[in-house]
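# Fold and geometry: a report
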Amino acid sequence: MNLLIIGAPGAGKGTMSELILDKFNLVHVSTGDMLRAAVKNGTPVGLKAQEYMNRGELVPDEVIHDIIVERLSQDDIEQGFLFDGYPRTKNQAVDLDEILKSLNKKIDCVINLNIEDEVLVKRITGRRLCPECGEIYNIYLKPSKKEGICDKCGSELIQRKDDNLESLKVRLSEYHKNTQPVIEYYEKTGIVKHVDATAGVDKVFDEIKTVLEGLC
Ligand code: AMP
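The sections below set out a description of the structure shown in this document. Predicted, not measured: the structure shown is a model, and the values here were computed from it.

Each value, and the rule that gives it
- Residues numbered from 1 in each chain as written.
- Predicted model: local features only at pLDDT ≥ 70, side-chain atom pairs only at ≥ 80, totals over all residues.
- Heavy atoms only, no water.
- Helix = DSSP H or I, 4+ residues; strand = E, 2+ residues; numbered from the N terminus.
- Rg over C-alpha atoms; globule rule 2.2 N^0.38 Å.
- Buried < 20%, exposed > 50% of the residue type's maximum accessible area, 1.4 Å probe, protein only.
- Contact = heavy atoms within 4.5 Å.
- Pairing = 2+ DSSP bridges.
- Axes fitted to C-alpha atoms, helices over the stretch in contact; angles between N-to-C directions.
- Phe/Tyr/Trp six-rings, centres within 6.5 Å; stacked < 30°, edge-to-face > 60°.
- Arc of directions from axis to C-beta.

Let us now look at the overall build of the chain. The helix and strand tally for the chain stands at eight helices and seven strands. Since a compact globule built from 216 residues should have a radius of gyration of about 17 Å, the 17 Å found for the chain is in line with a globular shape. A buried classification covers 46% of the 216 residues belonging to the chain. Nonlocal contacts in the chain, meaning residues at least 24 apart in sequence, comprise 69% of its contacts between residues at least 6 apart.

Structurally, the position occupied by Val27 is in strand 2 (residues 27-30). For Val27 and Glu78, which are 51 residues apart along the polypeptide, the C-alpha to C-alpha distance reads 8.9 Å.

As a further point, take the sheet that holds strand 3 (residues 81-84). The strand order across the open sheet built from five strands is 2-3-1-4-7, with neighbouring strands paired in parallel fashion. Each edge of the sheet is formed by a strand with only one pairing partner; in this case those strands are strand 2 and strand 7 (192-196). Within the sheet, the average angular offset between the axes of one strand and its neighbour, ignoring direction, is 20°. Here strand 1 (residues 3-7) runs beside strand 3; their pairing, made up of three bridges, is parallel. Note that in strand 3 the partner of Ile5 across the bridge is Asp84. Together, strand 2 and strand 3 form the strand contacts of helix 2 (residues 31-41), whose direction differs from that of strand 2 by roughly 70°. Along the sheet, helix 4 (residues 61-72) contacts strand 2 and strand 3; its crossing angle with strand 2, the most-contacted strand, is approximately 170°.

Right, let's talk about the packing of aromatic side chains for a bit. Overall, the coordinates contain three aromatic pairs when judged by the stated rule. Measuring from ring centre to ring centre gives 5.1 Å for Phe83 and Tyr86, while their planes differ by 70°; the resulting arrangement is edge-to-face. Exposure remark for Tyr86: the relative accessible area of 1% places this residue in the buried category. Their ring planes at 80° and their centres at 5.3 Å tell us that Tyr185 and Tyr186 sit as a pair that is edge-to-face. Each of the two residues, Tyr185 as well as Tyr186, counts as buried.

Moving on: helix 2. Along helix 2, the residues that are buried comprise Thr31, Gly32, Leu35 and Ala38. Buried residues of helix 2 fall within an arc of 125° about the axis and therefore sit on the same side. Residues Lys40 and Asn41 are exposed on helix 2 and point more than 90 degrees away from its buried face. Of the surrounding elements, those touching the buried residues of helix 2 are strand 2, helix 3 (44-55), helix 4 and strand 3. Looking at the residues trailing helix 2, positive phi occurs at Gly42, about 65°.

So far we have only geometry, and geometry alone does not tell us how the molecule works.
Structure representation (C-alpha cells):
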C-alpha cells in the first residue's frame, strides 16, 4: 500500500504518520525530514534548501525531484510507503506520477487532514521535538512532564527554526496557494479521503485506520 498524507503545517501529519507507519508497516518518506537532515549535514541539497526553509518558503521543485528519485531507488520502498509533506505543488504531483509510472507503482490513497488556520497557531508555535527519539510535544496542548525534557528518553527538546509566527504565515500562504491544488489534482482520480484533523489524536487516527483497513 502506497499512501500520501497532506495537511497544513500543524495539521498533525507527523503525529499521524508515526501511528500509520507503526500499524501498517510502511516506509516513511518525509521530504521535510530529508531536507532537515541535508541542512544538518551541510550537503549540496541542504545548502540549496536552507534559506527557503528558514523563510517558510517551498524549496524549488528540481531539488525535491532529485531527493525523491534517490529515495525511491532504495529497496525498502517495496514494502509500501507513506509520503509526508510531498507532493507540495501540482508540478511535484505531475512529476511524481511520471516517476511512479516508470517504477510500475501508484498511490492508493491520499489522506487530507482538514483543519482551520486559526487552530494551527498554537499547534505550531508551541511545538517542541525530541531530536533523539522524535517524540512530539506542545507546551500548550501536550507539555512534557519536565519542561524542555523528553518524557521518553530524557533528551533536551528543541524547537524547529521555522516554527515561529512569521514563518507560519508564509507556510500557510504557500499551503493555500500551492498545496491545495494538489488535493484538487488527486480528487479527480477519486482516491482522496478527507479527515477532520481538529479532533483528538486517537479520534483522528481511528478515522484514518478505518479508511486504510478498507484498502488492505
Ligand atoms: P515540513 O517538515 O513538511 O513542514 O517541511 C518543512 C519545510 O521544508 C517546508 O516549509 C519547505 O520549506 C520544505 N519542504 C518540505 N517538503 C517540501 C516539498 N515537497 N516541496 C518544497 N519544499 C518542501
